Structures are given as structure tokens and as C-alpha cells.
There are 4 protein chains.
Amino acid sequence: MNQQVDWKKFLIPYENAVEELKVKFKSIRSELRTIGEYSPIEFVTGRVKKVSSILEKAKKLDVEIDNIEEGIEDIAGIRIMCQFVEDIYTVVDYIRERDGNDLEIVYEKDYINNFKPSGYRSYHIVIRYPIQTAMGPKKILAEVQIRTLAMNFWGTIEHSLRYKYKHNIPEHINERLIKAADAAFMLDKEMSKIRHEIRQAQKMFEIKSNT
Amino acid sequence: MNQQVDWKKFLIPYENAVEELKVKFKSIRSELRTIGEYSPIEFVTGRVKKVSSILEKAKKLDVEIDNIEEGIEDIAGIRIMCQFVEDIYTVVDYIRERDGNDLEIVYEKDYINNFKPSGYRSYHIVIRYPIQTAMGPKKILAEVQIRTLAMNFWGTIEHSLRYKYKHNIPEHINERLIKAADAAFMLDKEMSKIRHEIRQAQKMFEIKSNT
Amino acid sequence: MNQQVDWKKFLIPYENAVEELKVKFKSIRSELRTIGEYSPIEFVTGRVKKVSSILEKAKKLDVEIDNIEEGIEDIAGIRIMCQFVEDIYTVVDYIRERDGNDLEIVYEKDYINNFKPSGYRSYHIVIRYPIQTAMGPKKILAEVQIRTLAMNFWGTIEHSLRYKYKHNIPEHINERLIKAADAAFMLDKEMSKIRHEIRQAQKMFEIKSNT
Amino acid sequence: MNQQVDWKKFLIPYENAVEELKVKFKSIRSELRTIGEYSPIEFVTGRVKKVSSILEKAKKLDVEIDNIEEGIEDIAGIRIMCQFVEDIYTVVDYIRERDGNDLEIVYEKDYINNFKPSGYRSYHIVIRYPIQTAMGPKKILAEVQIRTLAMNFWGTIEHSLRYKYKHNIPEHINERLIKAADAAFMLDKEMSKIRHEIRQAQKMFEIKSNT
């Protein structure tokens, strides 16, 4: 594939998909806030994978260049950040309800109940998303990652280390990373407990008010 | 309908539709520029009609408040600006190709070949657009106006005068407006002629090159 | 100068300046609309000149590469669009008032009262603008172009033709361009007359109201 | 002060200041990334305080309505998020270097080395910022908060609880909040250790390379 012209063309539907999906997920947040309800979405980011990273991943996964549209699922990537672990599942349900409407779910991976050995936690949904380009309609794959702010904090740093050390993170730094993953997990747990206690307090208050 | 809370809720799908449609039409432009082709779209704007204007229009058109979703077609409005009159029809064709995909065309009005007595020129397409809200999927009406920069310039000023004089524009100002509409029309015609001559020159050049 | 790394670094303060100046001029508009007053600014755009265009202009103007910061004044460019010709001078006055505050005026060029032989009309102000970079403070040159929508329409097309024909626009197209410039000028004149008549009508109305 | 018209006018320079300061701090990040250097700034947000919150704070601090410009320092608020605690001080130094250029530092408060009894950690800098409005130049107060992502996560939740319980957070929830603050603190500490070990490893590598 020609590096200069064709990659640009190849990435166009992915760029459009990222823009549209960002607008769509952000609007959930503004919508709920408009009607005075709690939003499980704190903020949304998106990116198209760099050509160098696509090529690197294709090599690693043994995907041929003619097959990257199907073989690499995260060329278009959307990341949704939540305050509480419970919010993640609310967002997942929300996406499931749209399955067959403006997107199709290909598969889901729950790295929250089954976190990776590295300590990585996040919920991934790979979707197929229809896009209209100047060259006609097309369906592309996109990956939606849903995570708490604490998971994201840890994930961002782990990613930059993995990149820096070209996937050979030294043992003593790896140990630190796992300790940090524990601290992030603890933080999420404490936050959920706070949330739970507030809910309980609200219910008790409502029961009292009704008697 | 409750002025405070319900209007906000009522307008949510329209706001989402405007955001999504702006992203979609803008991406056509960036797409074509990316592959080095001419874009018939110069720029795109969008707006949701103000509650006061919705109520005013409902009264004027004798639309009951329970029927404004169907009775008022431009609560969500998209405006696409083109450089040349010919570009307008390219954009119209482009929207027609999407009919049945991510939008449905309800009807079209060609105020360019049949301009209004006021001098107003523009191409209108009313579409039905599917939107996913936190409360589920929904289809809403939206109006897409396609026009040249000169038409837009004139239209903007005519609109603000109509607003200022509450639809009773004095005769001498009306005459001026019609003169200005003529000047705008002349400008578009000269621009199209330039475009045509360039095309001819290019064809002659290509014929020469091939012989 | 190294094409890859140094140009990127060189352009950073210009990119920052364009972002800041866009925010500043746009805020005038939202400010005036907030307090219910007419805004002489319709919209604002900005761009940093492409490296290829900088090099081309440096060659044409015989500016040495070490002197482009001073020799090329429009690396950072801001364009302010107005509805009426009169608005342009309101914006000019507004910028003059800021001279010595957050910007310095280097010189002004009035291509509206003295339009170029090509038919080009626009008001240019070259400013010196202080910018804070991660490498410390710096003052850069920027060009602010103020024009009506009709001037802009014509200017955009003339620019793309000049680019297409590499500054050798054929005579018959040139003639068309001048006719189009006349039509644009006529349009602006009609618009100004409308504006003037409205003002007169308002004054008469106010006099009547006070007696 | 008239609720409807004057508050809008009063808040204009604060809105402009927030927009300008967001652009300025965001550009530091893009600038450093452009030249391939680490950015101590992860992301930047900003907001103008709501009228209801200004009035509430004025009452609490016993500030008279004519004195809120001087008496309430966070009507314009900027928040800068960092990955590591160390980054916060890099950002602080950066702001100090601009003191007297495009902003003036009024005072600083280090709630990181001296965190509040609630568990709140953050670095605050109150600045005086010059702004150009359509009504002329003006200097306003703004508060810049600099914090890690973990501090921000905790702070966001504490703020919404404080708001929900109208400053009377129940004891058992308060205990949870302090535990969560500890977890956030631990997370930051582990992250800093990772950073430190990487730096050490880099230095050793450089020493080896030089011998």
C-alpha cells in the first residue's frame, strides 16, 4: 500500500467514525445532565491509531496488510471514562440497547472481573459501525474501552512504559506497576463503598419520609 | 407543556441531531480535501430553533402544540454553504444517495430555480433522521438548507430585517433588498461563468495533451 | 533549516498566536450579543501558513531563510468577516484601541478605499503579538485581514485560481474575475444603502417619539 | 444588581479569561509533544462559577455584593491535571516564570504538602489576568488549581457529596472519604516511585553508555 496517499484514504472512514461516536457518547452525558439526572459517563476521548502502530500490531498479530480492516479491531478507538466501577456496566447496557440500531456489537471482553496479569482493568466492546463516505457507505470495526478514572490513570502510565521499554519492562518496575494497580483497585473499591452507603442512606431516608 | 423542564427535554434529540449532522457534512469536506479533490461544501453551520421562534411559527402555521414534532420541520436546521451554484446540486445528489441509509428524504424545495418573490434563493431538503437518546431511539425532522455564500450573505441580512420590522419591511427598504438580491444573483452568475471557462480550458488542454 | 524537526518548532508560537487571537476576536462577538448589541464581526477564521507557501513567498520576496520571522508578515493569519463595509472600520478602530495593550500595530493597508488592480478588496493590519512558549516569551508578526462576506467570497475564488494557474491567470478568466469583483462591490454597496436607510428611519422614528 | 442583565455583563470578562487561559495552558501541552518532550500537563479544564454559587460563597465569606470582584477569587477557574505529583511543581514553576508577563501571581496555596483535614490535596495559584473587552481593558482574578488525576478523581466526588449533603456529610461517609483519600495518596506515591526508578535506570544506562 502506498504510504503517502492510500493510508490517508484508508483512514478516512475511521476518522469519521471516531468523530461521530465521540459526538454520540458525549451527547448522552449532556442529555442526562440537562434533565438533572446522574451521568455514568464522565468524559469521552477518541483517536485513530497511527499508521506505525497499525503496522506494528499487524506484524505482531500476523495479520496480512490486505486483511487489516478485519484483523485489527482498534484502528478506531473510543474511550469512555466513568467515576464508579458500577457506571461501567450501566454504559455497557446502554451500548447493548443500541445493538442493531446505529451499531452492531461484535464481541465484548470484561477485563474488570477478569483483569490481565499486568494489572490492566477495562471493559472492551468491539463494534461494527456504518459510515457514509464520499465514496459510498461502509462498515468498519471500532473498539470502545470503558473504564474508571483510576483505571485510566494506571493504564495511561502502563502504556507509556510499555512503549518506552518496547514491551520489555524491567522486573522491579513491573513490581511497582502491580502495586500501583492494587492502589488503583483499592481507590475504586473505596469509591464504590461511598456510593453504596449514600444509596443506603437515601433509601432509609425515603422509607422514613413515607411512614 | 411546562416551559422550564419539558422544553429542555423536548429539544435534546434535536440538539443531538444537529451535532451529528454537522459532523457528518463537515467530514465530507475534510474527506475530499484529504484525497486532493474539490469539495462542493465550503462550510457547515447548524442550530436548534429557539423556543420563542418555535412558538411563533406554530401560531403562524396554526400548528397545535402537541403536533409541533411533525408540523414544524426546521426545529433542527443545518446550513451548507457552497462556492458555486453548481455545487449545490452536487450536494443535493450526495444527500439523495444517502436516502434510506442514515437519513430519509421527506421532500425537497428548489428555491434556486424558483426563487421566492422576496428574492430569497436556497435549496431546502427536509429529512427524517434517526437519533439514539438515553430514553431510546427516535426519528426527528430536520431541514437542510444548501446555498452559495452570496445567497447566504443576502439571506442573513433579509432575515435580520424581517425580524427587526416584525415581517413588515417598509417599501423603500424592500426595494433595496430586491436590488441586493439581483447583485447577489449577478455575483453567482459571474462566478459560475468563471468556473465554466476554467473547465473548458482544462478540457482543451487535455485534448491537446492526448494528441 | 531541518525540514522535519525545526519547522515544527518554528511554527509553534505562530500556532499559539492564531489560537489565542481567534479566541480573542470571537469573544468580542459573543460579548456584544450577550449584552444585546450589534456585532460588527460575523465570524473569524485563522490559519498558519504552510511550509511550502512560506518557502515560495520567501523566494518571491527575496527574503533569506534566517530572516523569515521579520520578512514574511502573514505566517500567522487571522481573517475577520463583517456583514457591512462600515463594520470593517469599526473593527479597525477596535484593534487600534488595543494597540499597546495586548498587541502592537506595525502598519495598516487599506485595500478597500484603494483596491488592487485585480479587484481585491480587504483591510490588512500587521501586528506584533507577544506569546508565551515553553521556551519563554516571544513576539511574532501576524496579519489580520478584515473584509465583508462578499469580498471574502470573491477573494477565496481568486486565490484558488491564482494557485491553480501559478499566478498566470489567462486573460479571459481575468476579465471574468474583474466583472465578478464589480458584482461583489455592487452587492456591498446595496447592502450599505439598506443599512443607511434603516438608520435614517430609526432616527426619524426617535425624533417623532421625543416630540 | 439586576439578576437578568447585569450578571451576564458582569461575567463576560471572566468567560473570556477562562477561554484564553484554557487555550494558553493547552498549547503548552501540544507544544511539548510537538518537539517530542514529556508534557507535565495531561489535560486542562475551565469554568465560570454559576451565579447561585457566587452568591452562596459571598454570603458564607461575608463579602458584600459590590466587592465580589476582589472578595471571590475563583469566579474564573482553571484546572490543570498532571500524571505525577512532581509534574505539579513543574507547572507551578512554569506559571511563576510568566509572573509579570501575561499574568500576575497574587498568592499560592500548597494543599499538597499541607493537605486539608478533609483529605483534599491540590495546588492553588490565584492570579490577576488582563482582559480586553468591548468596553475596554480590565484585570480580573482567576484561580488555577493544579492536581494529579487521582487527586482530581477524589476531589470531584468529595465536591458532589459536599453539595448533596449541603456541607453536612454524615460521619460514616466522611470516614470512607478519608480512606479513599488515603488510597488516592497511595496511588500517587506508587506512581512517583515508578517514575523515580525509571529515571534512575535511565541515568545508569547513560553512565554505562558513556564509559
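Analysis parameters
- Residues numbered from 1 in each chain as written.
- Chains lettered and ligands numbered in written order.
- Predicted model: local features only at pLDDT ≥ 70, side-chain atom pairs only at ≥ 80, totals over all residues.
- Heavy atoms only, no water.
- Helix = DSSP H or I, 4+ residues; strand = E, 2+ residues; numbered from the N terminus.
- Lys, Arg positive; Asp, Glu negative; His and termini not counted.
- Charge placed at Lys NZ, Arg CZ, Asp CG, Glu CD.
- Pairing = 2+ DSSP bridges.
- Axes fitted to C-alpha atoms, helices over the stretch in contact; angles between N-to-C directions.
- Contact = heavy atoms within 4.5 Å.
- Buried area = accessible area lost by both parts, 1.4 Å probe.
- Salt bridge = Lys/Arg side-chain N within 4 Å of Asp/Glu carboxyl O.
- Least-squares fit on C-alpha atoms with pLDDT ≥ 70 in both.
- Buried < 20%, exposed > 50% of the residue type's maximum accessible area, 1.4 Å probe, protein only.
- UniProt positions renumbered as here; feature names shortened; annotations may be inferred.
- pLDDT = per-residue confidence, 0-100.
- Phe/Tyr/Trp six-rings, centres within 6.5 Å; stacked < 30°, edge-to-face > 60°.
- Lys NZ or Arg CZ within 6 Å of the ring centre and 35° of its normal.
- Polar contact = N/O pair within 3.5 Å; in protein donor to acceptor, adjacent residues only side chain to side chain.
- Core = buried A, V, L, I, M, F, W, Y, C linked by side-chain atoms within 4.5 Å.

Asks: Is there a simple way to explain the overall build of chain A in this structure?
Replies: Within chain A, the regular secondary structure consists of six helices and five strands. Within chain A, one finds 34 positive and 33 negative side-chain charges whose respective centroids are separated by 5 Å.

Asks: How should I be thinking about the sheet that holds strand β4 (residues 123-133) of chain C in this particular structure?
Replies: Within a sheet, neighbouring strands are paired by backbone hydrogen bonds and run either parallel or antiparallel to one another. All names here are of chain C. Strand order in this open sheet of five strands is β1-β2-β5-β4-β3, and the pairing throughout is mixed. Strands at the two margins of the open sheet, each flanked by one partner only, are β1 (43-48) and β3 (104-110). Neighbour-to-neighbour, the strand axes of the sheet open up by a mean angle of 25°, direction not taken into account. Direction of pairing for strand β2 (residues 76-82) relative to strand β5 (residues 136-148): parallel, over a ladder of seven bridges. Along β5, the bridge assignment pairs Ala76 with Ala142. Against the sheet, helix α4 (residues 85-98) contacts β2, β3, β4 and β5, and its axis sits at roughly 160° relative to β5.

Asks: What is the right way to look at the interface of chain A and chain D in this model?
Replies: Accessible area lost on assembly of the parts is the figure often given for the size of an interface. Each side of the interface is counted separately: chain A has 32 residues, and chain D has 32 residues. Approximately 2900 Å² of surface area, both sides summed, lies buried where chain A meets chain D, with 75% of it carried by carbon and sulfur atoms. The interface formed by chain A and chain D includes two salt bridges. One salt bridge in this structure joins Glu190 of chain A and Arg176 of chain D, with 3.2 Å as the shortest N-O distance.

Asks: Explain the relation of the copies chain D and chain C here, please?
Replies: One chain copy maps onto the other through a rotation about an axis and a shift parallel to that axis. For the pair chain D and chain C, the best superposition has an RMSD of 0.1 Å and corresponds to a rotation of 180° with a translation of 0.1 Å parallel to the axis. What the rotation and shift describe, once combined, is the action of a two-fold rotation axis. For chain D, the minimum C-alpha distance to the rotation axis belongs to Glu20 of chain D and amounts to 3.2 Å. In this assembly, 100% of the residues forming the interface of chain D have copies in chain C that are likewise at the interface, indicating an isologous arrangement.

Asks: Sorry, what's going on with the side chain of Glu158 of chain B here?
Replies: Residues and elements named next belong to chain B. Residue position: Glu158 is located in helix α5 (residues 149-164). A relative accessible area of 7% places Glu158 in the buried class. For Glu158, the residues in contact, after removing those within four places along its chain, are Ser118 and Leu177.

Asks: So what exactly am I meant to see when it comes to the UniProt feature "domain: RelA/SpoT" (unreviewed entry) in chain A here?
Replies: According to UniProt, the "domain: RelA/SpoT" (unreviewed entry) feature falls on residues 46-169 of chain A. Measuring from the first to the last C-alpha atom of residues 46-169 of chain A gives 26 Å, for a span that is 35% helix and 33% strand.

Asks: What should I look at first to understand the relation of the copies chain A and chain D in this one?
Replies: Overlay of chain A on chain D (RMSD 0.0 Å): rotation 180°, translation along the axis 0.0 Å. Of all interface residues in chain A, 100% are interface residues in chain D too; the two copies therefore contact each other through one and the same surface.

Asks: Just to check I follow, could you spell out the sheet that holds strand β2 (residues 76-82) of chain D for this structure?
Replies: Residues and elements named next belong to chain D. Pairing is mixed across the open sheet formed by five strands, whose spatial order is β1-β2-β5-β4-β3. Only two strands of the sheet have a single neighbouring strand rather than two, namely β1 (43-48) and β3 (104-110). When the angles between neighbouring strand axes are averaged without regard to direction, this sheet yields 25°. Against the sheet, helix α5 (residues 149-164) touches β1, β2 and β5 (136-148), its axis set at about 100° to β5.

Asks: What am I meant to see in the confidence of the model for chain A here?
Replies: Low pLDDT means the predicted atomic positions in that stretch should not be read closely. All names here are of chain A. Looking at chain A, pLDDT values average 89 and 93% of them are 70 or higher. Considering each helix and strand of chain A separately, the mean pLDDT is smallest for helix α6 (residues 171-210), with a value of 80, and largest for strand β3 (residues 104-110), with 97. Prediction confidence for the complex, expressed as pTM and ipTM, is 0.84 and 0.80 respectively.

Asks: What is the right way to look at the packing of aromatic side chains in this model?
Replies: To describe a pair of aromatic rings, one takes the distance between the centres and the angle between the planes. Residue and element names in this part refer to chain A. Enumeration over the complete set of coordinates arrives at 22 aromatic pairs over all chains. Centroid distance Tyr111 to Tyr120: 6.0 Å. Interplanar angle 70°. Geometry classified as edge-to-face. Summarising the burial analysis for this pair, Tyr111 and Tyr120 share the class buried. In textbook terms, an aromatic cluster arises when at least three aromatic residues are bridged by ring pairs, as seen for Trp7, Phe10 and Tyr14. Here the guanidinium or amino end of Arg98 rests over the ring plane of Phe25, the centre of that ring lying 6.0 Å away.

Asks: I tried to follow the environment of Phe84 of chain D on my own but got confused; where do I start?
Replies: One can find Phe84 of chain D in the loop between β2 and α4 (85-98). In this structure the C-alpha to C-alpha distance between Phe84 of chain D and Ile178 of chain D, which are 94 residues apart in sequence, comes to 21 Å. Apart from residues no more than four positions distant in its own chain, Phe84 of chain D is found in contact with Ile157 of chain A together with Tyr38, Thr148, Met191, Ser192 and Arg195 of chain D.

Asks: Explanation requested: the pattern of salt bridges in the structure shown.
Replies: Pairing between side chains of opposite charge can happen when their charged atoms approach one another. Evaluated as defined, the whole model comprises 64 salt bridges over all chains. With a shortest N-O distance of 3.1 Å, Asp74 of chain A and Lys49 of chain A are connected by a salt bridge. Highlighted residues: Asp74 of chain A in the loop between α3 (68-71) and β2 (76-82) and Lys49 of chain A in the loop between β1 (43-48) and α2 (51-60), separated in sequence by 25 residues. One salt bridge in this structure joins Glu104 of chain C and Lys139 of chain C, with 2.7 Å as the shortest N-O distance. Here Lys139 of chain C lies in strand β5 and Glu104 of chain C lies in strand β3, a separation of 35 residues in the sequence.

Asks: How should I be thinking about the interface of chain D and chain C in this particular structure?
Replies: Contacts between the two partners involve 22 residues from chain D, matched on the other side by 22 residues from chain C. Buried surface at the junction of chain D and chain C, both sides included, amounts to about 2000 Å², of which 65% is carbon and sulfur. Seen at the junction of chain D and chain C, the total is zero salt bridges. Linking chain D with chain C are five residue pairs in polar contact (both at pLDDT 80 or more), by the criterion used here. Listed by contribution, the elements that provide at least two residues to the side of chain D that touches chain C are α1 (5-34), α4 and β4 (123-133) of chain D. Sort the elements by how many residues they give to the side of chain D that touches chain C and α1 of chain D lands first, with twelve residues.

Asks: Where do I start with the nonpolar core in this structure?
Replies: The tendency in soluble globular proteins is for nonpolar side chains to be buried side by side. Counting 44 residues, the largest nonpolar core has Leu161, Leu187 and Met191 of chain B together with Leu161, Leu187 and Met191 of chain C as its most contacted members. Those elements that place two or more of their residues in this core are α5 and α6 (171-210) of chain B together with α5 (149-164) and α6 (171-210) of chain C. The contacts of Leu161 of chain C, once residues within four sequence positions are left out, are Ile194 and Ile198 of chain B together with Ile169, Ile173 and Leu177 of chain C. Residues Trp154 and Ala184 of chain A together with Ile173 and Met191 of chain D belong to the second largest nonpolar core, which totals 43 residues.

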